[in-house]
Amino acid sequence: MNFTKIIRVAGREFASTAMTKGFIIGALVVPAVMAALIPLIVILSASAQPSADKGTIYVLDRSSEVFEDLSHRLSPETVRERWEDRAKRASEFAKGMMGNSGGEQIENAMSFIKTPEFRIIPTAPDADIEEIKAEIRDQMVSGVELDDPMYKVLAVVEVDIDAAKKANESEGYGSYQTFFRPKLNEETVGEIESGIRWSIRERRYENAGLDRTQIAELASIDERESKEITEEGERKESSEIATFLIPVASLVLLIIATMTGGQYLLTTTIEEKSNRVVEVLLSACSPMELMTGKIVGQMGVGLSLLVVYNSVGIAALIAFNRLDMISGQTIILFFIFFLLAYFMLASMMAAIGSAVNDMREAQSLMTPVMLVMMIPYFFFMPVVRAPNSMLSTVTSFIPPISPFIMIMRVSSTDPPPPLQIAAVILVNMVAVVAFLWFAAKVFRVGLLMYGKPPNLRTLIKWIRMA
Amino acid sequence: MNSVRKTFGRKVAVEGIDLSIPQGSIYGFIGPNGAGKTTTIRMIMSILFPDSGELSVLGKKSAVESKDRIGYLPEERGVYKKMKVANFLIYMARLKGLDSAGLKPKVMEWLERVELADVAKKKCEELSKGMQQKVQFIASVLHEPDLIILDEPFSGLDPVNMRLLRDLINEQHTAGKTVIFSTHVMQQAESICDHIIMIHEGKKVLDDTLGTIRSRFDPRAIHVEAANAGNQSQAISAVPGVASVRIHEGHHVVTLDEGMDKQQAMQSIITAVPISKIEIKRPTLEDVFIEIVTGGHSGDAMDTDHEQVRAKLLAGSKETQEVAS
């Protein structure tokens, strides 16, 4: 084996695959653009909010004491003050979750939401509610543009006479009823509803002789982050989503990286064979050098995908301040399992590519390979739920699905013991050697065989032959 | 090569070929389609390995150890379709162990020589078949190999490019390189080679210099065009030393007795019959080729006793001496 030749073959293989516009756009630019688009979409969807509701709210206050608080609570100044305060709190929360940039994005997004503006008009305590409701209907039926949008009637509120003060001790409190014009913004409805409830509650506290601040103090309990106790110490409690997210993301990433490299290896091998360029190549290097070079070259393709996606993933974890969810050890194991999985898949792909004449013929031989590659998906649920169950352990020792099962286990919150990881790696290394041996045999014979594509029996014959 | 044998399944592709090609010579491999030429060449290249027998290339056990000193133009032309012409050549040369330093001007120089300088930046798939072939030829000589093996280098080329390629091959030969090439275009073999190997049904049936082959396959025949119209066979037959006369395409084909001097026979014929043209028939490689392939039942390919030629032929491939008459 001549290493210079292997490196040159690998270099061409990598360059012809990864240095193409198609690959760079498909594999690297698209995810990057998507990542950049997400905040843009948030902003766009926020700015697409309907214009803020402006108009009149009629209040039929039979209790005669709720209106004052309500009119203050829903006055334009207090509403705006409350909304600005809410945006600030949301952005601070986002900063804690996603870092400064995320917070700014939320703040920007919130600034697009327009604050509603109300004109609160009391009606006579003995007014007919039906008449007031009729005004909304009349405005809608006539469809006439109003001189001042503030005259548009948004809602009618009817507060019961005993809403804030019981008529007698044996009965409960009264309530209130709101009538809305249809198609109001959700925020407007919420603002009005909460305003009324707050006003009524406020009156009730006062009538009962209770102190509002004291009640608030009594009702509020500070939240503290809950933690999990582990062998090594303590850690943040892993949420249900987090326990699933990392193993699934790892599995998908591993499959994407190995399949991309493997698929390209298959295509370039078939291309070289059907182009008949292979014979020229074989006059310069041996089949083993050619195959090794190609496998190494496509390994570079898979690795560069992994590095890019992993960095994006880690960047996301840093942004969400959840870097504790993965460890350096997991990342190292990830790359080890990638190499093991890739070498097994690549061996199969190289063998298939060398044995067939075109892509169409490759399909029939690819079917069993693809089925094998699907197996980890089937085991995903049971393995992630119970990373150390009998099933998980046993499937971890079956190449070529072993690396895929293992990546879910090691990235889960309950990784297998180090000794078992080492044992699995050892088993896979043996399997890799066997796969490569098999591939080398088929590759050597297959490359110059044209004509009828081989079936499994002829493949075995070739292995004996080589 | 020493009694090299190669089988594919039940089919014997090459059967016991002995061969030695001296350095600096230019050898032509001829033989019909499917005779085993490409298989033999692939074995020399160590792309295929013989089932039995031994071979050594450039003093090494196999070409694997001396691949960088061999230039190879396979019968199946192949280029990377999406690669640019110059890049493809640079890649091939680097794969052959050349340093990248100074490689680019060298590639350009070669492309200029075959009048392809303007396509250096084009993708290989944009080239015509003939252009691709020239590019491939460059790939096989770029690394200045000591041994150049060309499998059907002329197929698909127009006469201008054929001549260009022939000159390039001769140039390599003059520079002291060993050249082996296979063809089934006999004129090419005749005009370039100094030594011919013929393979037929996996066996070597001919291995000699062009001159030796010509003299061995000498049909001992003279073409005579009589001045007077009509059949002059009887008059010619009367000339001493003439074995037989027959008419072919308007002229008389005179076969001489074995050992008869041609010059003397010609003079005798001239005195016997008034003639307008007389010449000694020279065997062409094509005649030999067709003769061997068809086993002597080629109709009018050679106007001579077929059995006799076959005997000569067999005498040429040593081991069948006793069959010779």
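Quick notes on the rules
- Residue positions are counted from 1 within each chain, in the order its sequence is given.
- Chains and ligands are labelled sequentially in the order written, the chains with letters from A and the ligands with numbers from 1.
- Given that this is a predicted model, residues contribute local features only at a pLDDT of at least 70 and side-chain atom pairs are listed and counted only at 80 or more, while totals for whole chains, interfaces and linings are drawn from all residues.
- Excluding hydrogens and water, the side-chain values take into account all heavy atoms of the structure.
- Strands here are runs of E lasting at least two residues and helices are runs of H or I lasting at least four, both read from the DSSP assignment and numbered beginning at the N terminus.
- Any residue under 20% of the maximum accessible area for its type is buried, any over 50% is exposed, and the rest in between are partly exposed; the area is computed with a 1.4 Å probe on protein chains only.
- The contact criterion used is simple: two residues touch if any of their non-hydrogen atoms lie within 4.5 Å.
- If DSSP finds at least two bridges between two strands, the strands pair.
- By buried area we mean the combined loss of accessible area, with a 1.4 Å probe, across both parts when two parts are placed together.
- Basic side-chain nitrogens of Lys or Arg form a salt bridge, by our definition, when they fall within 4 Å of a carboxyl oxygen of Asp or Glu.
- For this analysis, a polar contact is any N or O atom pair within 3.5 Å, provided that within protein one partner can donate a hydrogen and the other can accept it, and provided that sequence-adjacent residues contribute only side-chain to side-chain pairs.
- Only Asp, Glu, Lys and Arg are considered charged in this grouping, and only Ala, Val, Leu, Ile, Met, Phe, Trp, Tyr, Cys and Pro are considered nonpolar; every other residue, Gly among them, is considered polar.
- For patch building, the residue pool is restricted to those with more than 30% relative accessible area and no salt bridge; the joining distance is 9 Å between like charges and 5 Å between nonpolar side chains (Val, Leu, Ile, Met, Phe, Trp, Tyr).
- With residues, only the protein chains shown are counted as cover, and all accessible areas are computed by Shrake-Rupley using a 1.4 Å probe.
- Working convention for charge: Lys and Arg count positive, Asp and Glu count negative, and His plus the chain ends are omitted.
- Lys charges are placed at NZ, Arg charges at CZ, Asp charges at CG and Glu charges at CD.
- To obtain each axis, a line is fitted to C-alpha atoms, and for helices this fit is confined to the stretch in contact; angles are then taken between N-to-C directions over 0 to 180 degrees.
- The scheme is simple: roughly parallel for angles under 35 degrees, roughly antiparallel for over 145, roughly perpendicular for 65 to 115, oblique for anything else.
- In this scheme, a crossing is called left-handed if the near helix is turned counterclockwise away from the far one by less than a right angle; it is called right-handed if the turn is clockwise.
- Note on terminology: a nonpolar core comprises buried Ala, Val, Leu, Ile, Met, Phe, Trp, Tyr and Cys residues joined through side-chain atoms within 4.5 Å.
- Multiplying one less than the number of residues by 1.5 Å gives the expected span of a helix.

Draft legend 1. Focus on the overall build of chain A. Along the backbone of chain A there are 16 helices and six strands. The 466 residues of chain A split such that 43% are buried. For chain A, the share of sequence-separated contacts (at least 6 apart) that also reach a separation of at least 24 residues comes to 76%.

Draft legend 2. Broad picture of the pairing of strand S5 (residues 70–73) of chain B. Residues and elements named next belong to chain B. Residues of S5 alternate between two faces, with Ile70 and Tyr72 on one and Gly71 and Leu73 on the opposite face, all of them buried. The pairing of S5 with strand S6 (residues 147–151) spans four bridges and is classified as parallel. Note on S6: the bridge partner recorded for tyrosine 72 is isoleucine 149.

Draft legend 3. The interface of chain B and chain A, seen in detail. Facing the 25 residues of chain B at the interface are 19 residues of chain A. Here chain B meets chain A over a buried area of about 2300 Å², counting both sides, of which 58% is carbon and sulfur. On the surface where chain B and chain A come into contact, there are two salt bridges. Across the pair arginine 42 of chain B and glutamate 279 of chain A runs a salt bridge, and its minimum N-O distance is 2.7 Å. Along the contact surface separating chain B from chain A lie ten residue pairs in polar contact (both at pLDDT 80 or more). The element that contributes the greatest number of residues to the side of chain B that touches chain A is helix H2 (residues 85–95) of chain B, accounting for five residues. For the side of chain B that touches chain A, a count of residues per class yields 14 nonpolar, three polar and eight charged.

Draft legend 4. Broad picture of a positive patch on the surface. Taken together, the side chains of Lys21 of chain A together with Lys84, Lys104, Lys121 and Lys123 of chain B present a region of like positive charge at the surface. Note that lysine 121 of chain B resides in the loop between helix H3 (103–113) and helix H4 (129–141). You can call lysine 121 of chain B exposed: its relative accessible area is 70%.

Draft legend 5. Here's a closer look at the environment of methionine 370 of chain A. Inspection of the secondary structure puts methionine 370 of chain A in helix H12 (residues 359–385). Since its relative accessible area comes to 33%, methionine 370 of chain A is described here as partly exposed.

Draft legend 6. Quick peek at the environment of serine 402 of chain A. All names here are of chain A. By secondary structure assignment, the location of serine 402 is in helix H14 (residues 402–410). For serine 402, a relative accessible area of 1% puts it in the buried group. Sequence spacing of serine 402 and valine 424 is 22 residues, and the spatial spacing of their C-alpha atoms is 7.6 Å.

Draft legend 7. The sheet that holds strand S9 (residues 203–209) of chain B, seen in detail. Residue and element names in this part refer to chain B. Read across the sheet, six strands follow the order S5-S6-S7-S3-S8-S9 without closing on themselves; strand pairing throughout is mixed. With one partner strand each, in any of the chains shown, S5 and S9 form the two edges of the open sheet. Recorded for the sheet is a direction-independent mean angle of 15° between the axes of neighbouring strands. Helix-sheet contacts for helix H1 (residues 37–44) involve strand S3 (26–30), S5, S6, strand S7 (178–183) and strand S8 (195–200), and the interaxial angle to S3 is about 140°. The sheet contacts of helix H10 (residues 285–294) involve S3, S8 and S9, and relative to S8 the element is tilted by about 25°.

Draft legend 8. The arrangement of the side chain of arginine 12 of chain A in detail. Within the secondary structure, arginine 12 of chain A is located in helix H1 (residues 3–18). Accessibility expressed as a relative area gives 11% for arginine 12 of chain A, which makes it buried. Setting aside residues up to four positions removed in sequence, arginine 12 of chain A forms contacts with Glu272 of chain A together with Tyr80, Met83 and Tyr91 of chain B.

Draft legend 9. Focus on a nonpolar patch on the surface. Residue and element names in this part refer to chain A. There is a patch of nonpolar side chains on the surface, built from Ile24, Ile25, Val29, Val30, Val33, Met34, Leu37, Leu40, Ile41 and Leu44 and spanning about 830 Å² of accessible area. Looking at the element boundaries, methionine 34 is found in helix H2 (residues 21–47). Under the relative-accessibility criterion, methionine 34 is labelled exposed at 51%.

Draft legend 10. Local environment of the environment of proline 149 of chain A. Residue and element names in this part refer to chain A. Note that proline 149 resides in the loop between helix H5 (129–142) and strand S3 (153–159). Residue proline 149 is classed as partly exposed on the basis of its relative accessible area of 48%. The sequence separation of proline 149 and aspartate 53 amounts to 96 residues, and the corresponding C-alpha distance is 9.4 Å. Setting aside residues no more than four positions away along its own chain, proline 149 makes contact with Lys54 and Gly55.

Draft legend 11. Layout of the packing of H2 of chain B against H3 of chain B. All names here are of chain B. Between H2 and H3, whose axes approach to 10 Å, the crossing angle comes to 120°. With respect to their mutual orientation, H2 and H3 come out oblique. Between H2 and H3 lies a crossing of right-handed hand. Mapping the contact onto sequence places Val85, Ala86, Leu89, Ile90, Ala93 and Arg94 in H2 and Leu103, Lys104, Val107 and Leu111 in H3. Considered class by class, the residues forming the contact of H2 with H3 number eight nonpolar, no polar and two charged.

Draft legend 12. Focus on the sheet that holds strand S10 (residues 221–226) of chain B. All names here are of chain B. If you trace the four strands from one edge of the open sheet to the other, you get S11-S12-S10-S13, paired in antiparallel fashion. Across the chains shown, the open sheet's two edge strands, defined by having one partner strand only, are strand S11 (242–248) and strand S13 (275–280). With direction set aside, neighbouring strand axes in the sheet form an average angle of 20°. In this structure, S10 lies alongside S13, joined through five bridges in antiparallel fashion. From the neighbouring strand, glutamate 225 faces S13, where its bridge partner is lysine 277. Sheet strands touched by helix H9 (residues 262–272): S10, strand S12 (251–256) and S13. Its angle to S13, the strand with the most contacts, is close to 170°.

Draft legend 13. Just unusual backbone geometry, in detail. For the bond from proline 399 of chain A to proline 400 of chain A, the omega torsion is 5°, close enough to zero to count as cis. On the secondary structure map, proline 400 of chain A appears in the loop between helix H13 (390–396) and H14. Phi at glutamate 144 of chain B takes a positive value of approximately 50°, unusual for a residue other than glycine. Relative to the helices and strands, glutamate 144 of chain B is located in the loop between H4 and S6.

Draft legend 14. Just the pattern of salt bridges, in detail. Counted under the stated rule, the structure contains 22 salt bridges over all chains. One salt bridge in this structure joins glutamate 191 of chain A and arginine 82 of chain A, with 2.2 Å as the shortest N-O distance. With glutamate 191 of chain A in helix H6 (residues 186–208) and arginine 82 of chain A in helix H4 (residues 76–112), this residue pair connects regions lying 109 residues apart in the sequence. Here arginine 113 of chain B and glutamate 171 of chain B are joined by a salt bridge, their closest N and O atoms 2.3 Å apart. One end of the pair, arginine 113 of chain B, is in helix H3; the other, glutamate 171 of chain B, is in helix H5 (residues 159–174), with 58 residues separating them in the sequence. On the accessibility criterion, arginine 113 of chain B (34% relative accessible area) is partly exposed. Via salt bridges that share partners, Arg12, Glu13, Glu272 and Lys294 of chain A belong to a single interconnected network.

Draft legend 15. Examining the nonpolar core more closely. In terms of nonpolar packing, the biggest core is built from 158 residues, with Phe337 of chain A together with Phe88 and Leu89 of chain B touching the most fellow members. If you tally residues by element for this core, the top one is helix H11 (residues 328–355) of chain A, at 16 residues. If we skip the residues at most four places from it in the chain, leucine 89 of chain B touches Val107, Leu111, Val135, Ile138, Ala139 and Leu142 of chain B. Among the nonpolar cores identified, the runner-up in size contains 21 residues, and Ile57, Phe118, Leu154 and Ile200 of chain A belong to it.

Draft legend 16. Highlighting H6 of chain A. Residue and element names in this part refer to chain A. Taking 1.5 Å per residue, 23 residues should reach 33 Å; H6 reaches 33 Å between its end C-alpha atoms and fits that length. Looking only at H6, the buried set comprises Thr188, Glu191, Ile192, Gly195, Ile196, Ser199, Ile200, Glu202, Arg203 and Tyr205. In the segment just after H6, glycine 209 is the residue with positive phi, at about 75°.

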